[in-house]
Amino acid sequence: MWFFARDPVRDFPFELSPEAPEGSPPGPWVLHRGRKKATGSLVSIFVYDVKPGAEEQTQVAKAAFKRLKTLRHPNILAYIDGLETEKCLHVVTEAVTPLGMYLKARVDAGGLKEQELSWGLHQIVKALSFLVNDCNLIHNNVCMAAVFVDRAGEWKLGGLDYMYSAQGNGGGPPRKGIPELEQYDPPELTDNSGRAVREKWSADMWRLGCLIWEVFNGPLPRATALRNPGKIPKSLVPHYCELVGANPKVRPNPARFLQNCQAPGGFMNNRFVETNLFLEEIQIKEPTEKQKFFQELSKSLDSFPEDFCRHKVLPQLLTAFEFGNAGAVVLTPLFKVGKFLSAEEYQQKIIPVVVKMFSSTDRAMRIRLLQQMEQFIQYLDEPTVNTQIFPHVVHGFLDTNPAIREQTVKSMLLLAPKLNEANLNMELMKHFARLQAKDEQGPIRCNTTVCLGKIGSYLSASTRHRVLTSAFSRATKDPFAPSRVAGVLGFAATHNFYSMNDCAHKILPVLCGLTVDPEKSVRDQAFKAIRSFLSKLESVSEDPTQLAEVEKDVHAASSPGMGGAAASWAGWAVTGVSSLTSKFIRAHPMATQAETNVPQRPMPEDRWETQEDKDTTEDSSTADRWDDEDWGSLEQEAESVLAQQDDWSTRGQASIAGQVSPPEHKSPESDWSNWEAEGSWEQGWQEPSSPEPPPEGTRLASEYNWGGPESNDKGDPFAALSVRSSTQPRPESDSWGEDNWEGLETESRQVKAELARKKREDRRREMEAKRAEKKAAKGPMKLGARKLD
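Residues numbered from 1 in each chain as written. Predicted model: local features only at pLDDT ≥ 70, side-chain atom pairs only at ≥ 80, totals over all residues. Heavy atoms only, no water.

S.K.: Can you explain the side chain of S165? Please cite residues and give values.
M.R.: Along the chain, S165 falls in strand β10 (residues 164–165). At a separation of 3.2 Å, a polar atom in the side chain of S165 contacts the main-chain amide nitrogen of Q167. Those residues in contact with S165 that lie beyond four places of it in its chain are N136 and L137. (Helix = DSSP H or I, 4+ residues; strand = E, 2+ residues; numbered from the N terminus. Polar contact = N/O pair within 3.5 Å; in protein donor to acceptor, adjacent residues only side chain to side chain. Contact = heavy atoms within 4.5 Å.)

What follows is the structure, encoded as structure tokens:
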């Protein structure tokens, strides 16, 4: 029976990358890229091949293997696994790049910022402080070749080959035998007289000075070059000079060097270093300190390195949300860091957290999510939106906080393209209708109208037919002027979804009613829309063959491409953080000022469905109106509506009598339509001169006797008609009004009232007489007597 020895290298759970070695620094080790076989995660593998006759180097490599395996510190190269055989040594560490290669790559990419170098040197000095002050170890190999950089840009101290104890245990420092490394030795090591008095850290601090010189000036050609600081920053030069001084006694301890550099105005006193120090101790910070830190972090992320944000800040943000109860403050920096991630990384790291956040009951978190939805909506797939996001978002429509209701409406612009049939055409429309009927904030009603106009292209044909005309018509009756403007513009934005019959019988009558609106901005938009719809009708009338082309979108299925008109008409309705809504809510928490400045128009409580669409029955609670709010440039229009009080109401009777004056200026042609014919009706709206007198001999209506029992000298019976004030709301329908004929029936009503009064008086007297008669006949009753009748 044959037995085959197993190959330990083949069984090793890590494998070398087929690429060439990343570097061969001075020393016995060769650095390779590698990966873990099970997971494919990247690692670095230091390989030492045992060679005959190199026993001293082999002992140095084995000692480095042992030191790296036992030393654990955030600023020392992290050991993962190792393999020791008779032929080789393999040391697996976190994935790193030699500092020399990293600096060269960053210079080629645009250069390193001074704050990055300050934090890198801070980490190396902190590692030396740990070795000298806590472990009583002398590194004895501080140089560019002993420093590595991980994927987050963190500097790690390696090269532990020549480390020895500061207490003298195990003999003196090992011999290097490599000229490239011996040039970093301090000058006192060549003094064999023993007169040089030095501290245990003196040699390593000299080598630290050499490292600082090389970081800013490149490879060190010779020791005498250290006298010229070169490109070393001025704030670091005094401390650098202490390191490379000839007297080893004055070289500072690593801990004191850090304190000196972090003093006010020092090289390591900057926002980047402060942020890193806080992140290292975030687990022991107070909740108030964490809140303040995350609030200020967003301002600094733009100046931080991308790799640092992705691999160090992001994990801390996710941990703070998952376990630290950080709340909504992590959202802004989280989405800012998310911009540095690829689509795959975003799906893996950010989206699960976002989905979990939407289920939170914290109002601050919900409104932050809604405000910043545009930063992550492109990474959400439709099943996730419909099953995990939308069911939580719709609760915002019923929230008592107006700001949340406002942001919920705005978020529908981003969610609508990803909603399914049931959520978009049924659930969302139900909530929009409720906002229209019951929300007390005018700006929210306005924004609901705007949102419906912009998502109209995503609705199904049946929903568009049932909802759009009724909803925009109702918006034109809103007491809040910007909402009426939004209703008019909504008709214009969705003009391609209406048949010619709807334009003539449903839309134009509504728009014509707005031509006498108290607010000039509403009238201007109404006239413009009327001209556009009339032009469309006229073109079809002239050429009936155009009907099919004009109505091609009426019964078309929902399509994002059909929303081009809605995107252009709503230049005044832009999603933004500062909106008119918040202004109105802050100034008037219970009522909107605009609603007190315009006549209160009756708003029907009917549902969106028209009379012919009653096949769809809903509860009366969903028979709603539309709330207004404003986005973007509508602010200017709405504010002008609130500030401008024209004399339209005083001129209303003259205008109705036929004295209509032309507008002082022509409104700029809107970009929401390509079929508007400007000026086609302008000649018909010239202001007439004073009314011509009636022909001679013509009698006024009041001079005729209309067949009544009275003569003409008693006056015109129509003079008794009640006059309605111009400030009262107009009736919803053209009723004939019984009071219009009040003057003809006054006499008969008076006679009937008098007869009724006499009857009541006679009845009262009759009842009093009967009671008096009955009382007199019986007399007073005795105690115990029984009443017989």
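There's more to say after this.
S.K.: Requested: an account of the packing of helix α11 (residues 306–323) against helix α12 (residues 331–338), with residues and values cited.
M.R.: Relative to each other, α11 and α12 sit at 150 degrees, their axes nearing to 10 Å. Classified by the interaxial angle, the pair formed by α11 and α12 is roughly antiparallel. Where α11 crosses over α12, the two elements pack in a sense that is left-handed. In contact with C309, R310, V313, L314, L317 and L318 of α11, α12 contributes P333, L334 and V337. Across the contact of α11 with α12, the residue classes break down as eight nonpolar, no polar and one charged. (Axes fitted to C-alpha atoms, helices over the stretch in contact; angles between N-to-C directions. Parallel < 35°, antiparallel > 145°, perpendicular 65-115°, else oblique. Left-handed = near helix turned anticlockwise from the far one by under 90°. Nonpolar A, V, L, I, M, F, W, Y, C, P; charged D, E, K, R; others polar.)

S.K.: I'd love a proper account of the sheet that holds strand β8 (residues 147–150), names of residues and values included.
M.R.: The sheet built from three strands is open, its strands ordered β6-β8-β9 with antiparallel pairing. Two strands close off the open sheet at either side, each with one partner strand: β6 (96–98) and β9 (155–157). The sheet shows a mean angle of 40 degrees between the axes of neighbouring strands, taken without regard to direction. Bridge analysis of β6 against β8 gives three bridges, and the strand direction is antiparallel. (Pairing = 2+ DSSP bridges.)

S.K.: Please set out the pairing of strand β5 (residues 88–94) residue by residue, giving values where relevant.
M.R.: Among the seven residues of β5, seven are classified as buried, and the element is accordingly described as predominantly covered. As paired strands, strand β3 (residues 42–49) and β5 are joined by seven bridges and run antiparallel to one another. Note on β5: the bridge partner recorded for Y48 is L89. Counted between consecutive antiparallel strands, the loop separating strand β4 (residues 79–84) from β5 contains three residues. (Buried < 20%, exposed > 50% of the residue type's maximum accessible area, 1.4 Å probe, protein only.)

S.K.: Quick rundown of the packing of helix α14 (residues 351–358) against helix α15 (residues 363–371)? Include the residues and the values.
M.R.: Between α14 and α15, the shortest axis-to-axis distance is 9 Å and the interhelical angle comes to 130 degrees. In this view, α14 runs oblique relative to α15, as classed from their interaxial angle. As α14 packs across α15, the resulting crossing turns out to be left-handed. On α15, the residues that touch V354, M357 and F358 of α14 are M365, L369 and L370. Tallied by class, the residues present in the contact of α14 with α15 amount to six nonpolar, no polar and no charged.

S.K.: Which residues make up helix α16 (residues 382–393), and what values go with them?
M.R.: If you check which residues of α16 are buried, you get T384, V385, N386, I389, F390 and V393. Elements in contact with the buried residues of α16: α14, α15, α17 (402–415) and α18 (421–438).

S.K.: Run through the pairing of strand β2 (residues 30–36), naming residues and quoting values.
M.R.: In terms of strand pairing, strand β1 (residues 14–16) meets β2 through three bridges, oriented antiparallel. Residue pairing for β2: L16 is matched across the bridge by G34. Of the pairings in the sheet, the one linking β2 to β3 comprises six bridges and is antiparallel in character. Paired with V30 across the strands is V47, a residue of β3. The turn joining β2 and β3, which pair antiparallel and follow one another in sequence, is formed by five residues; a positive phi near 80 degrees is taken by G40.

S.K.: An account of the sheet that holds β4 is requested, with residue identities and associated values reported.
M.R.: Strands pair in a sheet through their backbones, by hydrogen bonds, and they do so in one of two ways: parallel or antiparallel. Strand order in the open sheet made by the five strands is β1-β2-β3-β5-β4, with antiparallel pairing throughout. Looking along the sheet, the strands with just one partner apiece sit at the ends: β1 and β4. Neighbour-to-neighbour, the strand axes of this sheet turn through a mean angle of 30 degrees, independent of strand direction. Looking at chain direction, β4 and β5 are connected through five bridges and run antiparallel. The partner of Y79 across the bridge, within β5, is T93.

S.K.: Break down unusual backbone geometry for me, citing the residues and quoting the values.
M.R.: Phi is positive for N136, close to 55 degrees, though the residue is something other than glycine. Following the sequence through the fold, N136 ends up in the loop between α4 (114–134) and β7 (137–138). The phi dihedral of N140 is positive, around 70 degrees, even though this residue is not glycine. Among the structural elements, N140 can be located in the loop between β7 and β8. Classification of N140 as buried rests on a relative accessible area of 5%.

S.K.: Give me helix α10 (residues 287–301): which residues, what numbers.
M.R.: The end-to-end C-alpha distance of α10 is 21 Å, a good match for the 21 Å that 15 residues give at a rise of 1.5 Å each. Its maximal kink placed at Q295, α10 deviates by approximately 25 degrees. Taken as a whole, α10 has its buried residues at K290, F293, F294, L297, S298, S300 and L301. In the core, the buried residues of α10 are packed alongside α9 (271–280), α11 and α12. (Expected span 1.5 Å × (residues − 1). Bend = angle between axes of the 7 residues up to and from the residue.)

S.K.: Please give an account of the nonpolar core that cites residues and values.
M.R.: In terms of nonpolar packing, the biggest core is built from 92 residues, with F294 and L428 touching the most fellow members. Ignoring sequence-local partners within four residues, the contact set of L428 consists of F390, F397, M412, L419, N423 and I455. In this structure, V96, L157, W206 and V244 belong to the second largest nonpolar core, which totals 67 residues. (Core = buried A, V, L, I, M, F, W, Y, C linked by side-chain atoms within 4.5 Å.)

S.K.: Mind laying out the pattern of salt bridges, listing which residues take part and the relevant values?
M.R.: In total, this model carries 31 salt bridges according to the counting rule given. Between D517 and R484 there is a salt bridge, with its nearest N and O atoms 2.8 Å apart. Here D517, found in the loop between α22 (500–513) and α23 (520–542), pairs with R484, found in helix α21 (residues 481–493); they are 33 residues apart in sequence, far enough to count as distant. For D517, a relative accessible area of 0% gives the class buried. Between R765 and D762 there is a salt bridge; the shortest N-O distance is 2.5 Å. With R765 and D762 both in helix α30 (residues 742–778), this residue pair falls three residues apart, about one helical turn. The exposure class assigned to R765 is partly exposed, which follows from its relative accessible area of 44%. (Salt bridge = Lys/Arg side-chain N within 4 Å of Asp/Glu carboxyl O.)

S.K.: For the packing of aromatic side chains, give the residues involved together with the corresponding values.
M.R.: Inspection of every chain in the model, using the stated rule, returns 16 aromatic pairs. Between F278 and F293, the aromatic rings sit 4.2 Å apart at their centres with planes inclined by 15 degrees, giving stacked as the arrangement. Remark: F293 occurs in helix α10 and F278 occurs in helix α9; sequence separation between them is 15 residues. With respect to burial, F278 and F293 carry one shared label: buried. With a centroid separation of 4.9 Å and an interplanar angle of 25 degrees, the aromatic rings of F335 and F376 are classed as stacked. You can see F335 sitting in helix α12 and its partner F376 sitting in the loop between α15 and α16, a full 41 residues away along the chain. Accessibility assignment for this pair places F335 and F376 in one class, buried. (Phe/Tyr/Trp six-rings, centres within 6.5 Å; stacked < 30°, edge-to-face > 60°.)

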